[in-house]
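A closer look at the structure
What follows is each chain in one-letter form.
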Amino acid sequence: MVAKKGGNRGEDAEDELKREPLQAILLADSFATKFRPITLERPKVLLPLVNVPMIDYTLAWLESAGVEEVFVFCCAHSKQVIDYLKNSKWFGQPNFAVSTIESHDSISAGDALRLIYERHVINGDFILVTGDTVSNMPLIQALKEHKERRRKDNNAVMTIVIKQSKPSSITNQSRLGTEELFMAIDPDTKQLLYYEDKADDRKGTISLDKGLLMDNASISLHNDKQDCYIDICSPEVLSLFTDNFDYQHLRRHFVKGLLVDDIMGYKIFSHEIHSSYAARIDNYRSYDTISKDIIQRWTYPLVPDVQFFGNCASKLERRGMYRASEVGLSRSAQIGPFTVIGNGTSIGSNTEISDSVVGEDCVIGSNVSIEGCYIWNNVTIENGCKLRHAIVCDGVIMKSGAVLEPGGVLSFKVVVGQQFIVPAYSKVSLLQQPVIKDSDEELEYDDNSSGIIGIPSISSTPEKLNDQFGTKLSDSQRRAGSESFLYQVGDGGVGFIWSLGEGGHEEEWRHSVAPIPADKLIEIIRTATDELEISNQDGNFLPPSGELEPDSVDNDSDEDARDDYSYFEKEVEATFLRAVHENVKEDHIILEVNALRLSYNLTSTDCASALFYSMMKLASDTPHDTPGELVKNVATVITKWKQLLKDYLSSIDEEIEVILKFEELCLESTKEYTPLFVQVLHLLYDQDVIQEKAILDWASEKEEAEESDKLFLKQAEKFIQWLNEASEEED
């Protein structure tokens, strides 16, 4: 069980919570189709996220945050969800009651909340979340703010949780693959005044009503906030859905509906979290991002090596590798960093696995290469297969020599034939692609829903598929039998390759677990860079986030600048690592880094510092057992990428900034470099990355510093002396 959060609560806050049990509504149906074809057979909330069903993360967080009663609303595949919960440890927990509410005809979140209202089970303020939410935030402060507002104003019916998340300047997407979100918030009261995720973000413009500006003395307009889809609601929210049958989608209909309703005067407020984690799995890209966040421990204590409901704790080993207790691993197999291997899995000789999650009871042969993939349970991957940035569901068999290209999804029990190459972004299923689409409007949080089509789960072996598909296939397809499958996924293969949706490849790469293709990235970067330069020339450029108040002074500007650089540095590191792993050309990296620089309004020096940090981080993350091996890692990285770094070092001052960045790195984030400072500095000098003058000028500046700031100057005394003597000899 996860430890309770918020142990040092104030007495007033404790009394407030004790007055009534804290309740939550968990929507176990997303009313969406982004995870098809997988969700035609299994509900999204039961899909494994780092080998644990998504719903377990949500329930574990609610339990740890002090929620005492949870109502799980089930619709699509409701029996699977109910059976799972009944057989889990969630039922029967003291002080944490979990019960289900089942519906067979609800087609939206609005329908779900109307049904819950009719059951009269909600007694006060409640938490509203979906079963694909991962968080470790304490609720006490957000609840306290919500209740205080309610005491002063009964119209304050909802508080939504938000978090800083700057969208990509290239794709206009958040790191979760969601569209750029614009919010207007009163900086004093935190009231939400405007919410739009479908603005004309391609041109960087939005339209605000004049009345909004006239009625509010100060407005902060943001495009750097992430909606966590965690809502604290008053009971009136349920009655509002009952009174308005047009409310289907929680954001597009309900939130935006209240914001423009001048008659009733209901208000929505925001609560921003900073050090806590909260995110919702909306698409395949967010599935990938949140999986990586879990592996890298941003979601602690909901991590693989900590036991909580629904998971089997794994042992955390070096470089972020998690391995269950019973894993059969060949001596020659190589398991890379940030990889999770589940119980009962065997891995053959000369197989390489990196940045991946492998489930339980999988059989992986020899000479297999797996990178950036999510392999679920009971999967068989035969010798010589190659998989990159893909999802492989339970029971899949990949026969020898098969290849799964980036972005591919193999649904349950698909068989890929020998030597067959599954094209990039392909979705393969034992079920044929549905052709009849529901005419209902887009539902719940998703913008591409086509309703729920009830197709039973596939539990048969490939040989028995004809019987199960007998009522679904045409006469000709039934006569063809397995031949129609063989045609789809190779010799001995079983499965249909679905055609791309209306958005084609663009829709797929925007929401895939695979990194954005280099050619697409270059195309977007060039377009984005041109638009940014034109906007700046015209003088119409609006900063990404700012307060619309005359003569206002932002007292937190220094802190905001530091935050901006921190986000910039992370994005540069991600760009650099992608280049390393995918052999991206240097000019492509420069294009992307330059686009980031323009977006964050930073300098070439900032680029150099961020790239240097990324290179040193790569060297330290590369396996090493001794300080000497670490220096060799640095030499390898610098030798290969020094020209990229030198492209941003056009002056002595910029070279000095790199030395200062190295000092900071030694003292704060990567202290194992501290005793190696001089060796690395000498290496940078030998590789012509840092010139002699830059080192001597740095030393001269340090002479005037306080003693506590001369640590590395003292280490480098002999090296500095040698440089000075060499300089005098030349003179």
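Each chain has its residues counted from 1, running along the sequence as written. Local features in this predicted model are restricted to residues of pLDDT 70 or higher, and side-chain atom pairs are both shown and tallied only at a pLDDT of 80 or more, whereas totals for entire chains, interfaces and linings draw on every residue. Just so you know, side-chain values use all the structure's heavy atoms and leave hydrogens and water out.

1. Let's talk about the overall build of the chain
Each helix and strand counted, the chain has 23 helices and 36 strands in total. Residue contacts are counted whenever heavy atoms from the two residues lie within 4.5 Å of one another. Counting contacts in the chain only where the partners sit at least 6 residues apart, residues at least 24 apart contribute 62% of the total. Shrake-Rupley sampling with a 1.4 Å probe provides the accessible areas, and residues are treated as covered by the protein chains on show and by no other component. On the chain, roughly 32700 Å² of surface is accessible, and the fraction owed to carbon and sulfur atoms is 47%. Each helix is a run of H or I in the DSSP string that is no shorter than four residues. Each strand is a run of E no shorter than two, and both are numbered from the N terminus.

2. Observations concerning the sheet that holds strand 18 (residues 334–335)
Whether two strands pair comes down to DSSP finding at least two bridges between them. Taken in spatial order, the six strands make up an open sheet running 18-21-24-27-30-33, and their pairing is parallel. Edge positions in the open sheet fall to strand 18 and strand 33 (421–422), since each of these has one partner strand only. Pairing of strand 24 (residues 369–371) with strand 27 (residues 386–388), which is carried by three bridges, proceeds in the parallel orientation. Bridge assignment links Ser369 to a residue of strand 27, and that residue is Lys386.

3. Focus on helix 7 (residues 236–243)
Exposed residues in this analysis have more than 50% of their type's maximum accessible area, buried residues have under 20%, and partly exposed residues fall in between, with area computed by a 1.4 Å probe over protein chains only. All of the buried residues in helix 7 are Val237, Leu238, Ser239, Leu240 and Phe241. Buried-residue contacts for helix 7 involve strand 1 (23–27), helix 4 (109–119), strand 6 (126–130), strand 8 (156–164), strand 12 (225–233) and helix 8 (250–260).

4. Some details on the sheet that holds strand 25 (residues 374–375)
Taken together, nine strands build an open sheet; the order of strands is 15-16-19-22-25-28-31-34-35 and the sheet is mixed. Of all the strands in the sheet, just strand 15 (315–316) and strand 35 (496–497) have a single pairing partner and so form its edges.

5. Brief notes about the pattern of salt bridges
Only one rule defines a salt bridge in this text: a Lys or Arg side-chain nitrogen within 4 Å of an Asp or Glu carboxyl oxygen. In the structure shown here, the tally under the stated rule is 21 salt bridges. The residue Lys34 makes a salt bridge to Asp282 at a minimum N-O spacing of 2.9 Å. Of this pair, Lys34 sits in the loop between strand 1 and strand 2 (48–49) while Asp282 is found in the loop between strand 14 (278–280) and helix 9 (284–295), placing the two residues 248 residues apart along the sequence. Across the pair, exposure class does not vary: Lys34 and Asp282 are buried alike.

6. Considering the packing of helix 4 against helix 7
Lines fitted to the C-alpha atoms define the axes, with helices restricted to the stretch that makes contact. Angles between their N-to-C directions range from 0 to 180 degrees. Orientation of helix 4 relative to helix 7, taken along the N-to-C sense of each, is 115°, at an axis distance of 8 Å. Judged by the inter-axis angle, helix 4 sits roughly perpendicular to helix 7. Two packed elements cross with a definite hand, and for helix 4 against helix 7 that hand is left-handed. In this structure, helix 4 contributes Gly110, Leu113, Arg114, Ile116 and Tyr117 to the contact, and helix 7 contributes Leu238, Ser239, Phe241 and Thr242. Per-class residue counts for the contact of helix 4 with helix 7 are five nonpolar, three polar and one charged. Working definition: roughly parallel below 35 degrees, roughly antiparallel above 145 degrees, roughly perpendicular at 65 to 115 degrees, and oblique for all remaining angles. Crossing handedness is defined as follows: a turn of the near helix away from the far one that is anticlockwise and smaller than a right angle gives a left-handed crossing, while the clockwise case is right-handed. Side-chain classes are defined by residue name, with Ala, Val, Leu, Ile, Met, Phe, Trp, Tyr, Cys and Pro counting as nonpolar, Asp, Glu, Lys and Arg as charged, and the others, Gly among them, as polar.

7. So, the pairing of strand 10 (residues 192–196)
Of all five residues making up strand 10, five are buried, and the element is well covered by its neighbours. Summarising the sheet, strand 9 (residues 182–185) and strand 10 pair through four bridges and their orientation is antiparallel. Bridge pairing links Ala184 to Tyr194 in strand 10. Counted between consecutive antiparallel strands, the loop separating strand 9 from strand 10 contains six residues, among which Lys190 sits at a positive phi close to 65°.

8. Observations concerning the side chain of Arg251
In this fold, Arg251 is placed in helix 8. Arg251 sits in the buried class, given a relative accessible area of 2%. As used in this structure description, the phrase polar contact means that two N or O atoms lie within 3.5 Å; if the pair is within protein, one of them must be able to donate a hydrogen and the other to accept it, and residues adjacent in sequence are counted only when both atoms belong to side chains. Side chain to side chain, Arg251 and Asp227 meet in a polar contact 2.6 Å long. One polar contact links Arg251 to Asp231, side chain to side chain, over a distance of 2.8 Å.

9. A short note on the nonpolar core
One finds Trp61, Leu62, Val70, Val72, Ile127 and Ile391 to be the most contacted residues of the largest nonpolar core, which totals 63 residues. The dominant element in this core, judged by the number of residues it contributes, is helix 2 (residues 54–64), at seven residues. Excluding residues within four positions of it along the chain, Trp61 makes contact with Ile127, Val129, Ser135, Asn136, Met137, Leu139, Ile230 and Leu302. By size, the runner-up hydrophobic cluster in this structure holds 59 residues, among which are Leu618, Trp641, Leu644 and Ile652. Only buried residues count toward a nonpolar core, which is a set of Ala, Val, Leu, Ile, Met, Phe, Trp, Tyr and Cys residues joined through side-chain atoms within 4.5 Å.

10. Description of the confidence of the model for the chain
Averaged over every residue, the pLDDT of the chain is 78; residues scoring 70 or more account for 79%. Confidence scores here are pLDDT values: one per residue, from the predictor, ranging 0 to 100. Note on residues 3–14: pLDDT under 50 across the span, and 15 contacts to partners over four residues away in sequence or across chains. Every residue in residues 199–203 is under pLDDT 50, and counting partners more than four places away or in other chains gives 12 contacts.

11. Remarks on unusual backbone geometry
For the peptide bond that leads from Arg36 to Pro37, omega is 5°, which places it in the cis range. Following Tyr300, the chain continues to Pro301 via a peptide bond in cis, the omega torsion being 15°. A positive phi angle is found at Asn95, which is not glycine, with a value near 65°. For His389, which is not a glycine, the phi torsion comes out positive at approximately 50°.

12. Some points on the packing of helix 19 (residues 652–667) against helix 21 (residues 692–703)
At a closest axis distance of 9 Å, the pairing of helix 19 and helix 21 adopts a crossing angle of 60°. Looking at the two axes, helix 19 sits oblique to helix 21. Regarding helix 19 and helix 21, the two cross each other, and that crossing is right-handed. The residues of helix 21 that touch helix 19, namely those facing Ile652, Glu655, Ile656, Ile659, Leu660 and Glu663, are Lys693, Ala694, Ile695, Asp697, Trp698, Glu701 and Lys702. Partitioning the contact of helix 19 with helix 21 into residue classes produces seven nonpolar, no polar and six charged.

13. Here we look at the environment of Val52
Structurally, Val52 is set in strand 3 (residues 52–53). Val52 sits in the buried class, given a relative accessible area of 4%. Taking the C-alpha atoms as reference points, Val52 and Pro304, 252 residues apart in sequence, are found 8.8 Å from one another.

14. As for the environment of Cys373
With respect to the helices and strands, the residue Cys373 is situated in the loop between strand 24 and strand 25. Judged by relative accessible area, Cys373 falls into the buried class, the value being 0%. Separated by 19 residues in the primary sequence, Cys373 and Ser354 place their C-alpha atoms 8.4 Å from one another. Filtering out sequence-adjacent residues up to four positions away, Cys373 remains in contact with Asp355, Ser356, Val357, Leu387, Arg388, His389 and Ala390.

15. Observations regarding the packing of aromatic side chains
Each Phe, Tyr or Trp ring (for Trp, its six-membered ring) is paired with any other whose centre lies within 6.5 Å, and the angle between the two planes then decides the class: stacked below 30 degrees, edge-to-face above 60, tilted in between. Using the criterion set out here, one finds 14 aromatic pairs in the structure. Here the aromatic rings of Phe35 and Tyr287 are separated by 6.4 Å at their centres, their planes lie at 70°, and the arrangement is edge-to-face. Of this pair, Phe35 sits in the loop between strand 1 and strand 2 while Tyr287 sits in helix 9, placing them 252 residues apart in sequence. Ring plane angle 75° and centroid distance 5.9 Å describe the contact between Tyr685 and Phe719, whose orientation is recorded as edge-to-face. Taken together, the residues span a long stretch of sequence, with Tyr685 in helix 20 (residues 677–686) and Phe719 in helix 23 (residues 717–730) at a distance of 34 residues.

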